[in-house]
Amino acid sequence: MPWSVGDVVEVPEETPSEVPGDAPEEVPEAEPIKKKRARGRTTLLIAVAAVLGVVAGGCTGFLIQAGRAPDRLPSLSQSTLTQAKGPAPEPLSAAQDRQVKVDGDLRKLLLKKPSGARAADYTVGEDGWMGLTEYAETFGKPAEAFGDLSSEQFRRAAVTNWQLSGNRTVEIRLVQYRQEVDLTASQAAEDAYYWSERESHTDKWAIPGTGDGMAYVHNSPKREAGYLDEYQAEAHAWRGDVVMEMWISDTKPVSKKAIMDLARRQMERL
């Protein structure tokens, strides 16, 4: 239709044309921000509360117990002890106290030379004593024995010897150890038992009253060119920290009675 000036002409709104492939980008929704929860605070509060509860309970129990009267203990099977009548026993005298005896002059505990006996043809020790060096020289390997005796805490040795009628000789030693670590005296005696029993044709007997003391008679003589045959008997025992060593030598066999009697009398003096 023709139109004139002054007419209102409606112009239709233009819509943007959609271009294929140019779809508007989708904006993702923002995720809510989560606040981090402080950990450990609740646990710590619970632990502190538990400790305070234990302390409070302990204090309460102590106060309750302290306020109670003490319970009476059950009676003993023997309510009263019987006191011995009479004066208290006297302490041992020096003659009765064995430790006083062995800590004194050890030579005084050796058997005395019997009447009719004379000094032996050979001498041992110096004034009745044997030091570590001289005692070690009586062993088959003196240098090795010296080291062993030192580690075994050798203290001292008293010795005596004499000669009876004919060619019979006697030698006795009392060897003392410190025994600060081990019971060396008993070990030394055991060694002596071992070596004595290794001799062939040997008889042995226990010495009464000595624990494990032993006496030996060697029935086969020792032979050496230019010398008479030599028969031997020996005895070994120990008491406390002292070892007794004894030998009887003769050109004829030594009896069991001779060595047993001498060993028994010597051990009685200890």
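Residues numbered from 1 in each chain as written. Predicted model: local features only at pLDDT ≥ 70, side-chain atom pairs only at ≥ 80, totals over all residues. Heavy atoms only, no water.

K.L.:
Residues and numbers for the nonpolar core, please.
P.N.:
Proteins that are soluble and globular tend to have nonpolar side chains buried together. Counting 28 residues, the largest nonpolar core has Leu 106, Ile 172, Leu 174, Ala 235, Met 244, Met 246 and Ile 259 as its most contacted members. Those elements that place two or more of their residues in this core are β2 (154-163), β3 (169-177), β5 (214-222), β6 (230-239), β7 (242-250) and α6 (256-268). Of the residues forming this core, the biggest block, five residues, is contributed by α6. If you look at the next biggest cluster of nonpolar residues, it comprises 14 residues, including Met 130, Leu 149, Ala 157 and Val 159. (Core = buried A, V, L, I, M, F, W, Y, C linked by side-chain atoms within 4.5 Å. Buried < 20%, exposed > 50% of the residue type's maximum accessible area, 1.4 Å probe, protein only. Helix = DSSP H or I, 4+ residues; strand = E, 2+ residues; numbered from the N terminus.)

K.L.:
Before we move on, could you go through the packing of aromatic side chains and cite the residues and values that matter?
P.N.:
For the structure on display, the rule yields four aromatic pairs. Relative to Phe 154, the ring of Tyr 135 has its centre 5.6 Å away and its plane inclined at 15°; by these criteria the two rings are stacked. Separated by 19 residues along the polypeptide, Tyr 135 in helix α3 (residues 132-136) and Phe 154 in strand β2 bring together distant segments of the chain. Assessed through its relative accessible area of 2%, Tyr 135 is described here as buried. With a relative accessible area of 8%, Phe 154 lands in the buried category. With a centroid separation of 6.4 Å and an interplanar angle of 90°, the aromatic rings of Phe 154 and Tyr 177 are classed as edge-to-face. Of this pair, Phe 154 sits in strand β2 while Tyr 177 sits in strand β3, placing them 23 residues apart in sequence. Through a chain of ring-to-ring contacts, three or more aromatic side chains come together here, namely Tyr 135, Phe 139, Phe 154 and Tyr 177. (Phe/Tyr/Trp six-rings, centres within 6.5 Å; stacked < 30°, edge-to-face > 60°.)

K.L.:
Summarise the side chain of Arg 173; cite the residues concerned and give the values.
P.N.:
For Arg 173, the position within the fold is in strand β3. With relative accessibility at 10%, the residue Arg 173 sits in the buried group. Polar side-chain contacts of Arg 173 include one of 3.0 Å to the side chain of Glu 171. Those residues in contact with Arg 173 that sit more than four places away from it in its chain are Met 130, Tyr 135, Thr 138, Ala 158, Val 159, Val 243, Met 244, Glu 245 and Trp 247. (Polar contact = N/O pair within 3.5 Å; in protein donor to acceptor, adjacent residues only side chain to side chain. Contact = heavy atoms within 4.5 Å.)

K.L.:
Could you give me a rundown of the pairing of β7, with the residues and numbers involved?
P.N.:
Counting buried positions along β7 yields eight of nine residues, so the element is predominantly enclosed. By the bridge criterion, eight bridges tie β3 to β7 in an arrangement that is antiparallel. Within β7, the position partnered with Val 170 by the bridge is Ile 248. Where β6 lies against β7, nine bridges are found, and the strand directions are antiparallel. Residue pairing across strands places Ala 237 opposite Met 244, the latter belonging to β7. Between β6 and β7, which pair antiparallel in sequence order, lie two residues; one of them, Gly 240, sits at a positive phi of approximately 65°. (Pairing = 2+ DSSP bridges.)

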